[in-house]
Protein chains: 6
Amino acid sequence: MISPAIFIFFLFLSSSHAAVLDFCVADFNAPDGPAGYSCKKPAKVTVDDFVFSGLGIAGNTSNIIKAAVTPAFAMQFPGVNGLGISLARLDLAAGGVVPFHTHPGGSEVLLVVQGTICAGFVSSSANTVYLKTLKKGDIMVFPQGLLHFQVNSGGSAALAFASFSSPTPGLQITDFALFANNLPTELIATTTFLDVPQIKKLKGVLGGTG
Amino acid sequence: MISPAIFIFFLFLSSSHAAVLDFCVADFNAPDGPAGYSCKKPAKVTVDDFVFSGLGIAGNTSNIIKAAVTPAFAMQFPGVNGLGISLARLDLAAGGVVPFHTHPGGSEVLLVVQGTICAGFVSSSANTVYLKTLKKGDIMVFPQGLLHFQVNSGGSAALAFASFSSPTPGLQITDFALFANNLPTELIATTTFLDVPQIKKLKGVLGGTG
Amino acid sequence: MISPAIFIFFLFLSSSHAAVLDFCVADFNAPDGPAGYSCKKPAKVTVDDFVFSGLGIAGNTSNIIKAAVTPAFAMQFPGVNGLGISLARLDLAAGGVVPFHTHPGGSEVLLVVQGTICAGFVSSSANTVYLKTLKKGDIMVFPQGLLHFQVNSGGSAALAFASFSSPTPGLQITDFALFANNLPTELIATTTFLDVPQIKKLKGVLGGTG
Amino acid sequence: MISPAIFIFFLFLSSSHAAVLDFCVADFNAPDGPAGYSCKKPAKVTVDDFVFSGLGIAGNTSNIIKAAVTPAFAMQFPGVNGLGISLARLDLAAGGVVPFHTHPGGSEVLLVVQGTICAGFVSSSANTVYLKTLKKGDIMVFPQGLLHFQVNSGGSAALAFASFSSPTPGLQITDFALFANNLPTELIATTTFLDVPQIKKLKGVLGGTG
Amino acid sequence: MISPAIFIFFLFLSSSHAAVLDFCVADFNAPDGPAGYSCKKPAKVTVDDFVFSGLGIAGNTSNIIKAAVTPAFAMQFPGVNGLGISLARLDLAAGGVVPFHTHPGGSEVLLVVQGTICAGFVSSSANTVYLKTLKKGDIMVFPQGLLHFQVNSGGSAALAFASFSSPTPGLQITDFALFANNLPTELIATTTFLDVPQIKKLKGVLGGTG
Amino acid sequence: MISPAIFIFFLFLSSSHAAVLDFCVADFNAPDGPAGYSCKKPAKVTVDDFVFSGLGIAGNTSNIIKAAVTPAFAMQFPGVNGLGISLARLDLAAGGVVPFHTHPGGSEVLLVVQGTICAGFVSSSANTVYLKTLKKGDIMVFPQGLLHFQVNSGGSAALAFASFSSPTPGLQITDFALFANNLPTELIATTTFLDVPQIKKLKGVLGGTG
């Protein structure tokens, strides 16, 4: 016999599929669209889709910028798909730099957990510089799409976490956009006012051709 | 051996799939959803997905309205899918008219490139008419969903381009919605106050039945 | 021979696929995404996709809460997919109660069609109670995500309809979230301050384990 | 002395102003913006801002269309401001008609509470008619911006409630947009293909000039 | 004399006011609306509007829950207004608990910086529990509006930061919504199934009346 | 005496204020918010608020880039406020260049009306270059926030119009963001890998200090 309590329990369950949009864990085997990835079937979703441990591991800063960005965007962390949020870890060795870049798809809040970081962004049109040295516990917001950078301004390693207002904020590093592909040198010179030798030098460093 | 520069280059590339949402070129072979068409795989996207040449060709104005609308919506121009924008070309021969219509899915800005166009829209509820004769270089905005029209008010051909705030703004021409389908004449009379002979006349012109 | 009128008719029809986003009737056989279900092919859509008769039937209130909620969300009513709206029917027998719950995905407006209903919601942070007894014809709005309830405060059956600002507003009944699953009793005690016997009693009523 | 419990209570209250955006009851004395009206100060908000009784009163159907629409949009019902939802009451006397119209700002779901209503809408571009006779308890959705109508198709009075996906959906009745203002007759003829006598007749009925 | 370079510089500057919407630092002296607070005049904005140091200070956990939540929402951190993001600091002493709560206005990602936290959320309708013990560096996402909690499951103090997909996510603690206001005891009993003595006990602890 | 027709006319007019959100013409004397400028009172709105003639006038290209951008954003063209769209005129003398830039707030479609323009954009993360020479009538889309440029690649003047998916798309020219303000030279060198003499040279050209 089914008790009244159980009855109502199942009654509400009968609409449970509508709940699929509580969340939409990314299914990378189905098509994606303008709003994000397709959703995994709820029955296949587990708590591990909502948890990510990859930010607990320091990124390798043995590189030219002495820095590493470890993303937990929808691609790495499928639970945030469709939820308007994602994170990334930022490791900056002494002297480390995250060069000028933008996130075309979202705003960022940087949280300094260790060390000292000098960060700044530039407004559009007026080109105003907003510059600040951030200490442990400080947070700073970088509005969507604006050029910004982070520099380790202390003598030792710094650690920070960046939060984004999108599960897929994107990352366009200006130097890589200009010098790490096959954009012709002359065209870069014309569209940046940079001198050709400067362009060739940076293409050499960053692996660009043309 | 991989140089440090190359290392960081690949490091950032490792998150490159997240960048798929820089854009979402329409893939017409996959399902579409409320936010638009599914996205083509980035590896298959070329610059030609972002370029459309169809608006360079004059539409055929040898028709009853002496006008032609050539759309560059997401269906014709897959690169705008998901990006909140699209265009259309408007050719108006002398005496040409784009009859009263709405775009249910977006606002429009009309740019007159050649000739003189009298355009207007009507606000909802208050039914206020906003009417203006536009010359070359003038632009006029028609807010989303409101009835509006364009008439060639000069003696020669006019050319204009319409921009929309949606990749799929839609186009509902009032006359076609009423008279170019199988909506019963009596029902049209009841819901428009138009006389039956008038309705039958326009059904004849526009190919309606019923 | 094709007349000019017919010509323009077909001219505009040539862009008819763009109109698919007039609506996006849910296709439950294709993937869903953060913005909702995939769209049925327009050619397969009929008027019955836009009409739902299930709210004409009283829900079964022979249960513990003497109430029934019959949803017309996107899952039951595929025509509302992507359109930012849905409805539900609420039957309250004498003494009936819709216990404290939230709709994580949308705001609600309740319309009382028969009987008398005492309804209330609580604001976040300030915990202010907004409480009102509603009569036939009254409407009340419950902002998105806030705890609210409805109680039949008259002596006879009440009937109401709820409208939502989302096709998939969700429904989280606090008691079911706490006591109708396998959440360990000790953890519930810790996170609600409720006494263990109280928790065990409600788990018994609502079918929870652990 | 303040007990620990009270302490935490005030601690959370210290962030209570952030909760202002739980809701945004319209303040008609402050500027409005693209997202809606400004918000009343939370301290001045009462439960009556969230309750509206105006839909309990039948509209006056002693008019040319034997119908009345009573809105509970943000202007009449300030509690829905910013919440993506509103309602309206629709009274249709025997023979009553809500003529062809659109809601530029939102989708509609119609709920028939009494009587029989024949309702329909027309898709854009393809001009497909979706037509249905609705009985008590039936609901039908009209996608945003599309032309639609409702006709009392029974022999007695009908009552329905319309829900909208916007607090300010707007209402543009095609006949009023064309014939109830000062739009010149010749321009109407040009942009609708209607005959001049027909236009003059309807201008006479609906109070238009020009 | 103005050089050509300077000329173009001013040329672009002439449109600089349009750039005000790069960001919209909250002005608490002007009205707020559904999209957030009004914007400070750009000329008065300084870098300190984009930086917040309040999360660097441990919250006071000498309270009944041995926990403290320090928000950096738009009210405390005006630079995030309109940008779809905010943060909060979470201090949990040994035995500390953030009781069951929701954020009606946004999704959350929790980042554990120190200690061990057991966290969980419950889906709507299906009432599925997603439960996980999080270690330093782990992140977990809690979808918008769903009930969730955090418990210090280690033997020592824990520290975490929560990121939200809204500058005003709100915070509704279930116990406070039910027991820390003047909601009548009988009504709580009816709408929660809790026993009256249990309700009175918690009202006593949390400062409720009625 | 008021005829029935007039009666219904006034009946609908009684809800006319709700129609204010058909459009929201910018009022620069009231506060702006995250969604745009406040709205002018409808009674003060005229058709001239919806029309802009400034794009009919060629911009002055006697400057360092031999190019001029004339915006019709919400600040110049108040009628587009809140409508998700705006335009700009682009004049390129022979040899003219619009240097690398982004629009943080919107996507762009460029329409070539006269001459030949070589345009390109770079994707984020993968740094793929999408490059095309556009002729009269061609359109090209630049997704939101991505670096792009336009170069006159013909021997004579070129004219183009850019449409944007936002009334306030913003314009951040990389060179101006880096070299036309007081950002310290050393910091630029650190965050761009550019050589100090190159930076100083461009600061000189563009009016930067520091």
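Residues numbered from 1 in each chain as written. Chains lettered and ligands numbered in written order. Predicted model: local features only at pLDDT ≥ 70, side-chain atom pairs only at ≥ 80, totals over all residues. Heavy atoms only, no water.

(A) Molecular detail of the pairing of strand 10 (residues 139–142) of chain F. Residue and element names in this part refer to chain F. Residues I139 and V141 of strand 10 are buried on one face, and the alternating residues M140 and F142, pointing to the opposite face, are buried as well. As paired elements, strand 7 (residues 108–114) and strand 10 share four bridges and run antiparallel to each other. Opposite L110, over in strand 10, you have M140 as the bridge partner. (Buried < 20%, exposed > 50% of the residue type's maximum accessible area, 1.4 Å probe, protein only. Helix = DSSP H or I, 4+ residues; strand = E, 2+ residues; numbered from the N terminus. Pairing = 2+ DSSP bridges.)

(B) Geometry of the interface of chain D and chain C. Chain D puts 51 residues into the contact, and the matching count from chain C is 51 residues. Each partner contributes to the roughly 4,000 Å² buried at the junction of chain D and chain C, and carbon and sulfur atoms together form 71% of this total. Scanning the region where chain D abuts chain C turns up two salt bridges. C:K132 serves as the salt-bridge partner of D:D48, at 2.6 Å between the closest nitrogen and oxygen. Here chain D and chain C share 13 residue pairs in polar contact (both at pLDDT 80 or more) between them. The set of elements that each furnish at least two residues to the side of chain D that touches chain C consists of helix 1 (4–13), strand 3 (51–52), strand 7 (108–114), strand 9 (129–134), strand 10 (139–142) and strand 12 (158–164) of chain D. No other element matches strand 9 of chain D, which puts four residues into the side of chain D that touches chain C. Residues of the side of chain D that touches chain C, tallied by class, amount to 31 nonpolar, 15 polar and five charged. Sheet analysis places strand 10 (residues 139–142) of chain C next to strand 3 of chain D, joined by two bridges and oriented antiparallel. Each bridged residue has a counterpart across the sheet, and for C:I139 the counterpart in strand 3 of chain D is D:F52. (Contact = heavy atoms within 4.5 Å. Buried area = accessible area lost by both parts, 1.4 Å probe. Salt bridge = Lys/Arg side-chain N within 4 Å of Asp/Glu carboxyl O. Polar contact = N/O pair within 3.5 Å; in protein donor to acceptor, adjacent residues only side chain to side chain. Nonpolar A, V, L, I, M, F, W, Y, C, P; charged D, E, K, R; others polar.)

(C) Summary view of the relation of the copies chain D and chain C. Overlay of chain D on chain C (RMSD 0.0 Å): rotation 180°, translation along the axis 0.0 Å. Expressed as an axis order, the relation between the two copies is that of a two-fold axis. When C-alpha distances to the rotation axis are compared across chain D, the minimum falls at D:S165, with a value of 2.8 Å. When the interface residues of chain D are mapped onto chain C, 100% of them are again interface residues, pointing to one common binding face. (Least-squares fit on C-alpha atoms with pLDDT ≥ 70 in both.)

(D) Focus on the pattern of salt bridges. Following the criterion strictly, the structure yields 24 salt bridges over all chains and no others. For D:K40, the salt bridge goes to D:D49, with nearest N and O atoms at 3.1 Å.

(E) Structural view of the environment of E:L92. Residues and elements named next belong to chain E. With respect to the secondary-structure elements, L92 resides in strand 5 (residues 86–92). Each C-alpha atom of the pair L92 and S156 lies 8.7 Å from the other, and the pair is 64 residues apart in sequence. Those residues in contact with L92, other than ones at most four positions away along the chain, are K66, A67, V97, V98, I117, V151, N152, A157 and A158.

(F) Geometry of the state of the cysteines. All names here are of chain A. Under the defined criterion, the tally for this structure stands at six disulfides over all chains. Across a sulfur-sulfur distance of 2.0 Å, C24 and C39 are joined as a disulfide pair. For the disulfide bridge between C24 and C39, the dihedral angle about the S-S bond is near -100°, and by the sign convention the bridge is left-handed. Pair noted here: C24 is in the loop between helix 1 (4–13) and strand 1 (26–33) and C39 is in strand 2 (residues 36–39), with a separation of 15 residues, a long-range link. C39 sits in the buried class, given a relative accessible area of 6%. (Disulfide = S-S within 2.5 Å.)

(G) How the structure looks around the UniProt feature "domain: Cupin type-1" (unreviewed entry) in chain A. Sequence positions flagged by UniProt for "domain: Cupin type-1" (unreviewed entry) are, in local numbering, residues 53–200 of chain A. Between the end C-alpha atoms of residues 53–200 of chain A there is a gap of 40 Å, over a span that is 13% helix and 38% strand. (UniProt positions renumbered as here; feature names shortened; annotations may be inferred.)

(H) Inspection of the arrangement of the chains at higher detail. Separated throughout, chain A and chain D approach each other most closely at a C-alpha pair spaced 18 Å apart. Between chain B and chain E there is no contact; the minimum C-alpha to C-alpha separation amounts to 18 Å.

(I) Broad picture of the sheet that holds strand 13 (residues 172–173) of chain B. All names here are of chain B. Across the sheet, which stays open at both edges, the five strands sit in the order 9-8-11-6-13 with antiparallel pairing between neighbours. Only two strands of the sheet have a single neighbouring strand rather than two, namely strand 9 (129–134) and strand 13. Where strand 8 (residues 117–122) lies against strand 11 (residues 148–152), five bridges are found, and the strand directions are antiparallel. Looking at strand 11, one finds that A119 is bridged to Q150.

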